[in-house]
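Fold and geometry: a report
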Amino acid sequence: MDNPIDALVHCIKGKHKADVLIFLNPQPRRFSEVRRHLGAAVSERILTKQLRELEAAGLVQREVFPEVPPRVEYSLTPHGYTLCPVLKQMWHWGRSHQRGKMTASVSAN
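Before going into details, it helps to say that this report is about the structure given with it. (Residues numbered from 1 in each chain as written. Predicted model: local features only at pLDDT ≥ 70, side-chain atom pairs only at ≥ 80, totals over all residues. Heavy atoms only, no water.)

**A look at the pairing of strand 3 (residues 71–76)**
Worth spelling out the cut-off: Here's how the labels work: a residue is buried when its accessible area is under 20% of the maximum for its type, exposed when over 50%, partly exposed in between, all with a 1.4 Å probe on protein chains only. A run of DSSP states H or I qualifies as a helix once it reaches four residues; a run of E qualifies as a strand once it reaches two. Both are numbered from the N-terminal end. Between any two strands, at least two bridges found by DSSP are needed for them to pair.
A large share of strand 3 lies buried, amounting to six of its six residues. Burial along strand 3 is two-sided: the face carrying Arg 71, Glu 73 and Ser 75 and the face carrying Val 72, Tyr 74 and Leu 76 are both buried. Across two bridges, strand 1 (residues 29–30) lies against strand 3 in antiparallel orientation. Across the sheet, residue Arg 30 finds its bridge partner in strand 3, namely Glu 73. Sheet analysis places strand 2 (residues 60–65) next to strand 3, joined by six bridges and oriented antiparallel. Looking across to strand 3, one finds that Arg 62 is bridged to Tyr 74. In this antiparallel pair of consecutive strands, strand 2 and strand 3, the connection spans five residues.

Structure, rendered in structure tokens:
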């Protein structure tokens with residue numbers, strides 16, 4: 001990928017990846033916490049796939065604790081932390097954009 005923006009989009013492309021990254025900031029979370037945060041909108045299989053993709057991209061790390069039952073926590077890597085301010089700005093931009101579109105559609109009617 002020659003375009004840096006394409007590289008960014010490739011890392012966070014996926015319905016829940018940005019939400020997961022923001023939720024993992026500032027503390028590690030267990031899989032069940034992440035799933036509960038996202039609600040019924042995401043299946044366990046899809047969340048697992050997206051967490052693995054984030055891990056492969058170097059944004060999230062997975063730590064397995066040798067307990068019974070096993071405990072797994074996900075946290076941001078230092079590289080993942082650098083993405084959080086960008087995601088928050090994108091969130092604010094998107095919110096503003098949505099409000100602008102709603103205002104435009106109301107005034108058009």
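**Some words on unusual backbone geometry**
For the bond from Asn 25 to Pro 26, the omega torsion is 25°, close enough to zero to count as cis. Structurally, the position occupied by Pro 26 is in the loop between helix 2 (17–23) and strand 1. Omega for the bond connecting Val 68 with Pro 69 falls within 30 degrees of zero, at -5°, which places this linkage in the cis form. On the secondary structure map, Pro 69 appears in the loop between strand 2 and strand 3.

**Thoughts on the sheet that holds strand 3**
Taken in spatial order, the three strands line up as 1-3-2 in an open sheet, and their pairing is antiparallel. The outermost strands of the open sheet, each flanked by one partner alone, are strand 1 and strand 2.

**As for the state of the cysteines**
This is how the line gets drawn: Two cysteine sulfurs form a disulfide in these notes if their separation is within 2.5 Å.
Per the stated rule, a full pass over the model turns up zero disulfides. Unpaired in this structure, Cys 11 has its nearest cysteine sulfur neighbour in Cys 84, at a distance of 13 Å.

**Focus: the pattern of salt bridges**
Let me state the cut-off plainly: Put simply, a salt bridge is a Lys or Arg side-chain nitrogen that is within 4 Å of an Asp or Glu carboxyl oxygen.
By the definition in use, this model includes five salt bridges. Arg 35 serves as the salt-bridge partner of Glu 44, at 3.8 Å between the closest nitrogen and oxygen. Each member of the salt-bridge network shares a partner with another, and the members are Lys 17, Lys 49 and Glu 53.

**Some words on the layout of surface pockets**
So the rule is basically this: Whether a set of points on the 1 Å grid over the protein atoms alone is a cavity depends on a 1.4 Å probe fitting there but being unable to get out, while an open set qualifies as a pocket with protein on both sides within 12 Å along at least five of seven lines; lining residues are those with an atom within 4 Å of a point. Grid points are joined across faces, edges and corners, and a volume is the space filled by probe spheres set on the points. Polar here means any residue other than Ala, Val, Leu, Ile, Met, Phe, Trp, Tyr, Cys and Pro, which are nonpolar, and Asp, Glu, Lys and Arg, which are charged; Gly is therefore polar.
Approximately 210 Å³ is the volume found for the largest pocket. Every residue along the wall of the largest pocket is listed here: Ile 12, Lys 15, Ala 18, Asp 19, Ile 22, Phe 23, His 37, Leu 87, Met 90 and Trp 91. Listing elements by their share of the lining of the largest pocket, those giving two or more residues are helix 2 and helix 5 (78–108). When residues of the lining of the largest pocket are assigned to their parent elements, the largest contribution, four residues, is made by helix 2. Here the residues of the lining of the largest pocket sort into seven nonpolar, one polar and two charged.

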